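# Close look at the chain arrangement
Next come the chains, spelled out residue by residue.
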Amino acid sequence: MAENTASENDVENVFISMDDKIKGYQVVESIGDGAYGQVFKVSKNAKKYAMKVEPNRLDGGPASITKEIEVMMELNNRGAKFFPIFETGGREPKFHMVVMTLLGENLQVLRMKGCNPKACTPGTWSRIGIQCLFVVKQMHDCGFLHHDLKPANFVWGQSDEVLTSRVFYLIDFGISSKFIRHIKGTPINQQNGFEFRTENKKVHSLVGTPKYTSPKAHAMADLGRGDDFWSLMYMIAELVKPLPWEILEAKMLEKTKLKSKLKDLYGIDAFGKIETMLQACTFHSFPNYEMIYHAFKDVFTKSGASWYDHSIGREKICRLTNDGDRMPRNHVDCSVGKNLTSDFIFERIHFNMHISRIK
Ligand SMILES: Nc1ncnc2c1ncn2[C@@H]1O[C@H](COP(=O)(O)OP(=O)(O)OP(=O)(O)O)[C@@H](O)[C@H]1O
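Each value, and the rule that gives it
Residues numbered from 1 in each chain as written. Predicted model: local features only at pLDDT ≥ 70, side-chain atom pairs only at ≥ 80, totals over all residues. Heavy atoms only, no water. Helix = DSSP H or I, 4+ residues; strand = E, 2+ residues; numbered from the N terminus. Buried < 20%, exposed > 50% of the residue type's maximum accessible area, 1.4 Å probe, protein only. Contact = heavy atoms within 4.5 Å. Pairing = 2+ DSSP bridges. Axes fitted to C-alpha atoms, helices over the stretch in contact; angles between N-to-C directions. Domains from an automatic or database assignment. Buried area = accessible area lost by both parts, 1.4 Å probe. Salt bridge = Lys/Arg side-chain N within 4 Å of Asp/Glu carboxyl O. Polar contact = N/O pair within 3.5 Å; in protein donor to acceptor, adjacent residues only side chain to side chain. Nonpolar A, V, L, I, M, F, W, Y, C, P; charged D, E, K, R; others polar. Phe/Tyr/Trp six-rings, centres within 6.5 Å; stacked < 30°, edge-to-face > 60°. UniProt positions renumbered as here; feature names shortened; annotations may be inferred. Near = heavy atom within 4 Å.

- You'll find the protein chain entered in an unreviewed UniProt entry as Protein kinase domain-containing protein, with Caenorhabditis elegans given as the organism.

### Here's the deal with the overall build of the protein chain
- Counting its regular elements, the protein chain contains 11 helices and 12 strands.
- Counting the 359 residues in the protein chain, one finds 52% classified as buried.
- Summarising the internal contacts of the protein chain: among those between residues at least 6 apart in sequence, 67% fall at separations of at least 24.

### Here we look at the sheet that holds strand E1 (residues 21-22)
- Reading across from one edge, E1-E2-E3-E4-E6-E5 is the order of the 6 strands in this open sheet, with antiparallel pairing throughout. Single-partner strands in this sheet number two, and they are E1 and strand E5 (86-91).
- Looking at chain direction, strand E2 (residues 25-33) and strand E3 (residues 38-44) are connected through 6 bridges and run antiparallel. Note on E3: the bridge partner recorded for glutamate 29 is lysine 41.
- The strands that helix H1 (residues 64-77) touches are strand E4 (47-55), E5 and strand E6 (95-101); relative to E6, the one it contacts most, it runs at about 25°.

### Some remarks on the domain arrangement of the protein chain
- We note that the domain assignment places domain 1 (8-101) and domain 2 (107-355) within the protein chain.
- The interface of domain 1 with domain 2 comprises 15 residues on the first partner and 24 residues on the second.
- Counting the surface domain 1 buries against domain 2, the share from its top three residues, Arg78, Phe82 and Phe83, is 41%.
- Our count for the domain 1 to domain 2 interface comes out at 2 salt bridges.
- Residues aspartate 172 and lysine 52 are paired through a salt bridge, measuring 3.4 Å at the closest nitrogen-oxygen approach.
- For the pair domain 1 and domain 2, the number of links is 6 residue pairs in polar contact (both at pLDDT 80 or more).
- The element that contributes the greatest number of residues to the side of domain 1 that touches domain 2 is H1, accounting for 7 residues.
- Here the residues of the side of domain 1 that touches domain 2 sort into 8 nonpolar, 1 polar and 6 charged.

### Some remarks on the packing of aromatic side chains
- Considering all chains together, one arrives at 17 aromatic pairs under this definition.
- The interplanar angle of 85° and the centroid separation of 5.3 Å between the aromatic rings of phenylalanine 229 and tyrosine 289 together place this pair among those described as edge-to-face. A residue pair is termed long-range when its members are at least 10 positions apart, and phenylalanine 229 in helix H5 (residues 225-240) and tyrosine 289 in helix H9 (residues 289-303) qualify at 60 residues.
- Considering the side-chain rings of tyrosine 266 and phenylalanine 296, the 6.5 Å spacing of their centres and the 55° angle between planes classify their relative orientation as tilted. A residue pair is termed long-range when its members are at least 10 positions apart, and tyrosine 266 in helix H7 (residues 262-266) and phenylalanine 296 in helix H9 qualify at 30 residues. Neither tyrosine 266 nor phenylalanine 296 differs from the other in exposure class; each is buried.

### Things to note about the pairing of E4
- Burial analysis of E4 places 7 of its 9 residues in the buried class, the great majority of the element.
- Examined bridge by bridge, E3 and E4 share 7 bridges and lie antiparallel to one another. Residue pairing in the sheet places glutamine 38 in a bridge with valine 53 of E4.
- Taking the residues between adjacent antiparallel strands as the criterion, E3 and E4 are bridged by 2 residues, where asparagine 45 takes a positive phi near 45°.
- Here E4 runs beside E6; their pairing, made up of 7 bridges, is antiparallel. If you follow proline 55 over to E6, its bridge partner there is phenylalanine 95.

### Focus: the UniProt feature "binding site: ATP" (unreviewed entry) in the protein chain
- What UniProt calls "binding site: ATP" (unreviewed entry) maps, in this numbering, to Lys52.
- Of the residues examined, lysine 52 reaches a relative accessible area of 10% and is grouped as buried.
- Among residues more than four places away in sequence, those in contact with lysine 52 are Gln38, Val39, Ile65, Glu68, His96, Met97, Val98, Met100 and Asp172.
- Reaching out from lysine 52, the side chain makes a polar contact with the side chain of glutamate 68 at a distance of 2.8 Å.

### Focus on the pairing of E3
- With 5 of 7 residues buried, E3 is to be regarded as a mostly interior element.
- Between the end of E2 and the start of E3, which pair antiparallel, lie 4 residues.

### Section: the site of the ligand
- Among the 21 residues in the neighbourhood of the ligand, the closest are listed as Ala35, Lys52, Leu103, Lys150 and Ala152.
- A distance of 2.9 Å separates a nitrogen atom of the ligand from a polar atom in the backbone of threonine 101.
- One nitrogen or oxygen atom from the side chain of asparagine 153 is found 3.1 Å from an oxygen atom belonging to the ligand.
- Those elements that place two or more of their residues in the shell around the ligand are E2, E4 and E6.
- No other element matches the 3 residues that E2 contributes to the shell around the ligand.

Following this line, the structure appears as structure tokens:
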């Protein structure tokens, strides 16, 4: 779906079986499939990890895992929370691979397991919206755009991790990009040692997954932080009710998306001002994160839901109910959203805050 996808015929044939050992990691089971390759649960020294494997391209072209490793390492080094931790990675004879923190199920799967996959309660979708906003903002604060925000790329922490099993992590940085660059001659960690990279006047292919890409992606514009938020807004709107372009493709999808209004997708007039704000965002703009936060927060408050409700949809998923019963409730850190007071989210990292003022 995403940019740069090589077709099956353009890549090495790679068959990984459950008995294989790769760089000392024992393959345990397959846990995910994507456009670029496969993801396995692996183990080493009694610890479990996730390993993503991407077959080499026959034309010798770059592997998206190389970019993924670069981004993951920088997010880790900058202390960004709720991203997988890089363990090891690199090139094998027939494929590239990366080993990282093993996380839980993705939002797409969780939604399908809920009692009504087509509609979550306002308390649930607003809570998820706030958590996802938090993690995306951290990525932006580190100077990166994700470019492929969609339910399959938000995953819960592992089910047996008390603190993180109900918090969304962001994965898949294969087409992420940096919108800032280091100014030569300044110390690498100095806050004001960065500037915007040059804006591309035109891009040549659609970046991201068509269902969730921003209107500007369809116009082949160089994307900025606001465009990640279009994707996030579409992704959360899909938890409210199916998107009008759900089953459409190509031109019809684009046409329907461009004439749809966020306030109608959410059925809430107040979401209209988020649309206006995002429409005004350029490559350089610092989106109004606070406006999005308050829109979700208002819905959450009115819903009367609790931060400690672990469900997706109206009914708790069986496995979660069982885990939840055993857990000390006040120790479960699904309260990440609860802690997102203005202070926490808006005066936290601000690594590139000054950049918003450079034009
Ligand atoms: N660290 C992880 N822990 C647990 N599951 C993971 C992890 N990384 C990926 N997965 C699972 O594997 C799926 C595919 O992973 P990923 O999105 O990274 O692959 P991809 O080939 O880049 O996919 P895409 O088609 O979106 O480009 C995810 O949706 C998720 O369910």
